[in-house]
Structure formats: structure tokens, C-alpha cells
Amino acid sequence: MNSTTRFKLSTMMFLEFFIWGSWFVTMGTYLGKNLLSNDVQIGSAYSTQSLGAIIAPFIIGLIADKFFSAQKVLGVLHLVGGALLWVAGTSLNFDSFFPFILGYMIAYMPTLALVNSISFKQMKDPGKEFPSIRVFGTIGWIIAGLVIGWLNWEQSGNLVLTFKMASVASIILGLLSFFLPDTPPVKKGEKTTFGEIIGLDAIGLLKNKSYLLFFLASVAICIPLAFYYNFTNPFLNEVGMKGAAGVQSLGQVSETLFMLLMPLFFARLGVKKMLAIGMLAWVVRYLFFAFGNADSNYWMLIGGIVLHGICYDFFFVTGQIYTDRLAGEKFKSAAQGFITLATYGVGMLIGSIISGMVVNKYVVDGGHIWQSIWIIPAGIAALVALLFMLFFTDKNKSVTEANSL
């Protein structure tokens, strides 16, 4: 890969996640303070991510893979997305805001797969080359949080500017996309089935009882995951943390560090221990949030944020590796699509609905009873972890073998 291509791909990744990190982290705070939305409505707004994830495979499978080059589809989606974000930022209430953020997430979620496809197409050895490109995405997310914290948009009530900033960045990436390396459709002229689009070709994996348990645990653990993504920023602002969005970027720093250490941990601990540690980290994180504050127990808030690296990498990244290993060559792509649809689609959708209802239940004058709120996802994560540790065994059998049973 030449230096010009590397620069283009790195810039693409930076902007892709800078856009998402610009508004997604603080949307709950914005909706509550600026649009006076209740917690159920905030949960509904975050559920648009899941709806976008469910619809994304159809955009990729029916459009990008069959008719148009990936970089052109990426460009159009980001230009449309930029317009939708700008209009969303002009909304005066939740009812007018929701349709635009839903439309935006339907446009944005497919781009996550497209930027990967464009990158992989230019690489001779993705295993070695991709991490050095993908890390710019994490840097983009971190920079977005630091900018919001530095400009003090949370405390000054100017979070509407996050949508403007993301909109401009989306339009820039949309224009840049047309100058990215050509990535022609990979299935032009081929017939695509519904099952292929949503990854049903890999459903034979569920015949493996251990994988079935992992699959169910993955969906269930997305319920407490939704609590973190949807309500951490409103919580931190409510308890008095200054520059909360910037501080939250420590989670992405932690994620990057643990990502680099993953091969070492994986070799020493194996699948079951890695997945179990990941789930137990969710329990500890929420207990830290339940008993932390902006005074003497401020370290607990920081600890809960920094645990993001273990929470995410040890469970979700390990799960992706486990899925890839178990699927066999023929079903690798289908298996990843299947587990992504189940977690970020179905699991996060359920989690967004439940988290909004739970948080709304503990509203009091001037805020929330956060300790009671955080105990609930901690309990869910603890139950999932316990059942997983009791019944999961790592039986390394591919889906090809499972289909023959």
C-alpha cells in the first residue's frame, strides 16, 4: 500500500468515527436538557442505532455488493447523513427530532461495513495492515470527545453544536469518499438470498450447545451495554463531572490499549476466561457507577469509564474471534453478520427500550436515583456471567461439522 492510499484510508477512518463520537455520546444529555425529553424517549433515540444495524445488511447486500462501487455508496450515504444531522440539530422537540435521527442511523450504520470493505480491498495482509488504519477511527472518536469537553458545550448548554460539527464532518467525508480507491461490487450479476444478507447461512453454529450459550449471552449482555451507551453521559453531567464527554474518551484509550494486548491475553487465558472476565468487568463497572460520585469517590467514575477496554475487547472482540474460529472458511462472513445482527441489532434494541424504562422509573426532582439505576444492569450482567461460567465449555468444532450432526 502506498503512502497516498494509506493517508486516504486513515483520514476516512478518522472522520468515520469522529462523526459518530461527535453526537452519539452526548445525545442523551442534549435530549434531556435541550429538548426536555424523558428517559423513555432517550432510550428510543438510541434504539435507532439498532434499527440501523438491522437494516444495514440489506443496503450492503442489495446495493453495495451488487450494483455500485463501495466508495460511491459511502459518499452518497455520508452526504445524505450530513444533511439529516444538520436538520436534526434544528428540531425544537423530540417528535420532530426522532425521524431525522432514525433516518441518519439508517444511512450511517451501513458505512461501518463499507469503510472496512474499502480498506481490505487495498491490503495484501489485512491482519497486519488493518489495525494501523483502524486505530485512526478510535483516535477520531477520542478527539471528538476532547473537543466537546474543551469547548465546554455540555455545561454551557450548546450541545446542539455537536450535530452541526458532525454534519460538517459527514459532508467532508462524503466528498472525500469519491476520491477513495475504487472498490467495485463483489457480487455483480449474482443472485443474493435473504438468508445470505442476514447471515442465516451460519445458523448451523447454534447446533453447537456452547456456541448457542455464547450467542444467547451476547444478546443478553447487550442489555447492560445499552445502559452505558445511552445514559453514562447524562449521569456524569448530573453528578457534576466537568467535561464529561472528554473524560469518557478515556474509555476509547483503554479500548485501544487492551486491543493491542489481546493476543497476549488470548494465548494465556483462552476463550472462556476472556469472555467471563469481559462480562464480570461490566458488573464492576456498574457498581463503580452506583457508588461513585464527583467528590471522594470520583476515582470510581474514572474506573468505570476506563474499564471499557476490558468490557468491550474481552467480550465482543473475543466473541468475534471465537465465532470466526468456529465457523470454518465457508461461513466466516455469514457468521460475523449473524452475530452482529443479533447483538447490535436485536440485543441493543431490547437494551435501549429496557434502559429507557428503568431510568425513567427512578426520576426524582432535579435528577435521578442513579444508584438504584446502575444496580440493575450490574445484576443483569452478573446473572449472565454466572450462567455462562457454569454451562459454557469451549468445544472447538466448526459449523461444517455441526451441519453434519
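Cut-offs applied
- Residues numbered from 1 in each chain as written.
- Predicted model: local features only at pLDDT ≥ 70, side-chain atom pairs only at ≥ 80, totals over all residues.
- Heavy atoms only, no water.
- Phe/Tyr/Trp six-rings, centres within 6.5 Å; stacked < 30°, edge-to-face > 60°.
- Helix = DSSP H or I, 4+ residues; strand = E, 2+ residues; numbered from the N terminus.
- Lys NZ or Arg CZ within 6 Å of the ring centre and 35° of its normal.
- Contact = heavy atoms within 4.5 Å.
- Core = buried A, V, L, I, M, F, W, Y, C linked by side-chain atoms within 4.5 Å.
- Buried < 20%, exposed > 50% of the residue type's maximum accessible area, 1.4 Å probe, protein only.
- Expected span 1.5 Å × (residues − 1).
- Bend = angle between axes of the 7 residues up to and from the residue.

Novice: Please explain the packing of aromatic side chains as it appears in this structure.
Specialist: Geometry of an aromatic ring pair is reported as the spacing of the ring centres plus the angle between the planes. Tallied over the entire structure, the rule returns 39 aromatic pairs. An angle of 45° between the planes, with centres 5.4 Å apart, marks the rings of Phe 235 and Phe 289 as tilted. In this pair, Phe 235 sits in helix α10 (residues 209-238) while Phe 289 sits in helix α12 (residues 250-291), placing the two residues 54 residues apart along the sequence. Seen from the ring of Trp 86, Lys 164 lies directly overhead, with NZ or CZ sitting 4.2 Å from the centre. Across from the ring centre of Tyr 228, 3.7 Å away, lies the NZ or CZ of Arg 285, which sits over that ring.

Novice: Can you walk me through the environment of Thr 5 in this structure?
Specialist: Within the secondary structure, Thr 5 sits in helix α1 (residues 3-23). Between the alpha carbons of Thr 5 and Gln 122 there is a distance of 8.1 Å; along the sequence they are 117 residues apart. Those residues in contact with Thr 5, other than ones at most four positions away along the chain, are Gln 122 and Pro 181.

Novice: It is not clear to me how the nonpolar core should be interpreted in this structure. Could you clarify?
Specialist: Inside soluble globular proteins, nonpolar side chains tend to come together where they are buried. Ranked by size, the top nonpolar core spans 119 residues in total, and within it Met 12, Trp 20, Trp 23, Met 27, Leu 31, Phe 97 and Trp 282 carry the most contacts. Top element by residues in this core is α10. It accounts for 16 residues. Here Trp 20 is in contact with Gln 49, Met 105, Tyr 108, Leu 112 and Trp 141, once residues within four sequence places are set aside.

Novice: Just to check I follow, could you spell out α12 for this structure?
Specialist: Residues spaced three or four apart along an α-helix point in a common direction, a consequence of the helix completing one turn every 3.6 residues. Between its terminal C-alpha atoms α12 stretches only 20 Å, short of the 62 Å expected from 42 residues at 1.5 Å a residue. Of all the bends in α12, the greatest, near 110°, is centred on Gly 270.

Novice: Whenever I open this one, the environment of Phe 163 confuses me. Can you help?
Specialist: Examined against the element boundaries, Phe 163 turns out to sit in helix α8 (residues 160-177). Phe 163 gets classed as buried once you look at its relative accessible area, which sits at 0%. Along the chain, Phe 163 and Val 87 lie 76 residues apart, while their C-alpha atoms are 8.8 Å from each other. Among all residues touching Phe 163, those that are not within four sequence positions of it are Trp 23, Met 27, Tyr 30, Leu 85, Gly 89, Phe 97 and Ile 101.

By themselves, these observations are geometric and do not establish any function.
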